[in-house]
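In case you want the letters, here they are:
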Amino acid sequence: MKVAAITGPRECQIVEKPDPQIRGEFARVKITVAPMCTEFKGYKEGWKGDALGHEAAGEVVETARPGRVKPGDRVVVMPQYPCGRCELCLSGDYIHCQHNLDPLAECGSLSGTATYAQYCIKQDWLLLPIPEDISTEYGAMACCGLGPTFGAMQRMNVDAFDTLLVVGLGPVGLGAVINGVYRGARVIAVESNPYRAALAQNLGAELIIDPNDPDALRVLQNATAGRGADKVVECTANPAAQKLAVLAARRRGQVGFVGWGGHIELENMIPDGLSLHGCWHWNLHDQSRMWQVIRASQEALDRLITHRFSMSQVKDAWELQLTGQCGKVLLDPWR
Ligand SMILES: [Zn+2]
Ligand SMILES: [Zn+2]
């Protein structure tokens with residue numbers, strides 16, 4: 001099968017790998033939609049490797065034994081290789097499992113963990129059948145497009161009484177706008193990139209605050225009768241933005257951190273009585289709600305997904321992502 005590989009700084013190629021093998025509860029999925037995430041950073045820096053990507057949707061082509069899915073099923077591929085047996089896995093919070101498997105060792109396979117690839121392997125319980133009335137592309141937004149911020153909003157119970165602040169409008173933050181609007185919240189966002197600010201307004205964000213404005217916090221205070229945001233979703237992992245996220249929450253407010261990394265300053269956590277959440281992905285038991293959001297947000301998803309590339313054009317796709325002039329970008333491994 002064909003996979004994408006980074007071969008040096010801003011260098012890449014498509015290479016041949018053996019088709020993946022499966023065993024036990026694993027299934028083989030033909031990836032038809034591979035949403036692109038932060039791999040462009042590795043492309044820029046030249047992190048050599050051919051196991052790229054963690055978002056995928058496609059069609060089951062083979063199961064090692066009869067199980068929860070069968071060949072022909074359209075599925076979303078959930079991230080990681082959790083154990084499936086511990087308390088966290090059983091409660092749906094598999095993403096925080098402490099006992100992740102090595103899928104290649106489990107299956108005796110030389111490939112199958114990448115999603116910038118024609119096939120991947122996954123335990124059957126982490127392949128979520130996509131409802132008939134939802135396309136595979138929209139279904140793929142249950143990965144990072146909508147997934148992490150959906151999880152954060154479930155955690156914080158975001159609803160129509162809330163003013164929600166979204167800090168950072170990369171594809172994940174833009175997904176947060178869609179999730180917030182779906183829930184009826186009043187959505188305000190922080191972003192300096194004009195392309196993404198305009199896209200967020202188009203998705204229903206009421207006000208976009210420029211983080212480079214020294215009065216950014218005051219603009220938010222003025223827009224919220226001096227209170228601050230009820231709930232904040234931080235999607236940048238940039239220390240200055242993380243600080244802004246914490247300071248922007250109202251007293252007794254909540255902040256969900258979705259962006260990985262950075263350095264979070266918490267001076268005002270105790271005096272302001274804040275609740276802070278580390279949010280990676282979403283609880284598997286909330287699957288029907290995830291489909292509900294996707295089903296109702298198809299027009300918004302058409303705006304979120306701004307570009308599609310064949311895998312042979314992955315270089316062009318990464319170069320585009322480096323400009324920031326895009327929303328969610330999709331890759332087709334079979335073209
Ligand atoms: Zn587990
Ligand atoms: Zn992702």
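Only a predicted model underlies this, so the values are computations on that prediction, with no experimental measurement involved.

**A closer look at the coordination of the zinc ion (ligand 2)**
Item 1. Looking at the zinc ion (ligand 2), the protein donor atoms are Cys-37 (SG), His-54 (NE2), Glu-55 (OE) and Cys-144 (SG), and they sit 2.0 to 2.3 Å from it.
Item 2. Within one chain, the residues serving as donors to the zinc ion (ligand 2) are arranged as C-x16-H-E-x88-C. Placement of the pair is Cys-37 in the loop between strand S3 (26-35) and helix H1 (39-45) and Cys-144 in the loop between helix H4 (136-139) and helix H5 (147-156), with a sequence separation of 107 residues.
Item 3. Looking at Cys-37, the relative accessible area reads 15%, which means it is buried.

**A closer look at helix H6 (residues 171-182)**
Item 1. For H6, built from 12 residues, the straight-helix expectation of 16 Å at 1.5 Å per residue is met to within 8% by its first-to-last C-alpha distance of 17 Å.
Item 2. The element H6 is extensively covered by neighbouring structure, given that 10 of its 12 residues are classed as buried.
Item 3. Three or more residues of H6 are buried, namely Pro-171, Val-172, Gly-173, Leu-174, Gly-175, Ala-176, Val-177, Ile-178, Asn-179 and Gly-180.

**A closer look at the coordination of the zinc ion (ligand 1)**
Item 1. For the zinc ion (ligand 1), every protein donor is listed as Cys-83 (SG), Cys-86 (SG), Cys-89 (SG) and Cys-97 (SG), and the spread of their distances is 2.3 to 2.4 Å.
Item 2. Linear spacing of the donor residues for the zinc ion (ligand 1) on their chain is C-x2-C-x2-C-x7-C. Of this pair, Cys-83 sits in the loop between strand S5 (74-77) and helix H2 (87-90) while Cys-97 sits in the loop between H2 and helix H3 (103-107), and the two are 14 residues apart along the sequence. The pair Cys-83 / Cys-97 is uniform in exposure class, with both members buried.

**Here's the deal with the pairing of strand S8 (residues 163-167)**
Item 1. For S8, a buried count of 5 out of 5 residues is recorded, marking the element as mostly surrounded by other parts of the structure.
Item 2. The alternating pattern of S8 places Thr-163, Leu-165 and Val-167 on one face and Leu-164 and Val-166 on the opposite face, and all of these are buried.
Item 3. Here S8 pairs with strand S9 (residues 186-190) via 5 bridges, running parallel. Among the inter-strand pairings, Leu-164 is bridged to a residue of S9, identified as Val-187.
Item 4. Each parallel crossover has a hand, and the one from S8 via H6 to S9 is right-handed.

Cut-off values and rules
- Residues numbered from 1 in each chain as written.
- Chains lettered and ligands numbered in written order.
- Predicted model: local features only at pLDDT ≥ 70, side-chain atom pairs only at ≥ 80, totals over all residues.
- Heavy atoms only, no water.
- Donors = N, O, S within 2.8 Å, 3.2 Å for Na, K, Ca; no water.
- Helix = DSSP H or I, 4+ residues; strand = E, 2+ residues; numbered from the N terminus.
- Buried < 20%, exposed > 50% of the residue type's maximum accessible area, 1.4 Å probe, protein only.
- Expected span 1.5 Å × (residues − 1).
- Pairing = 2+ DSSP bridges.
- Right-handed = clockwise from strand over helix to strand, strands pointing away.

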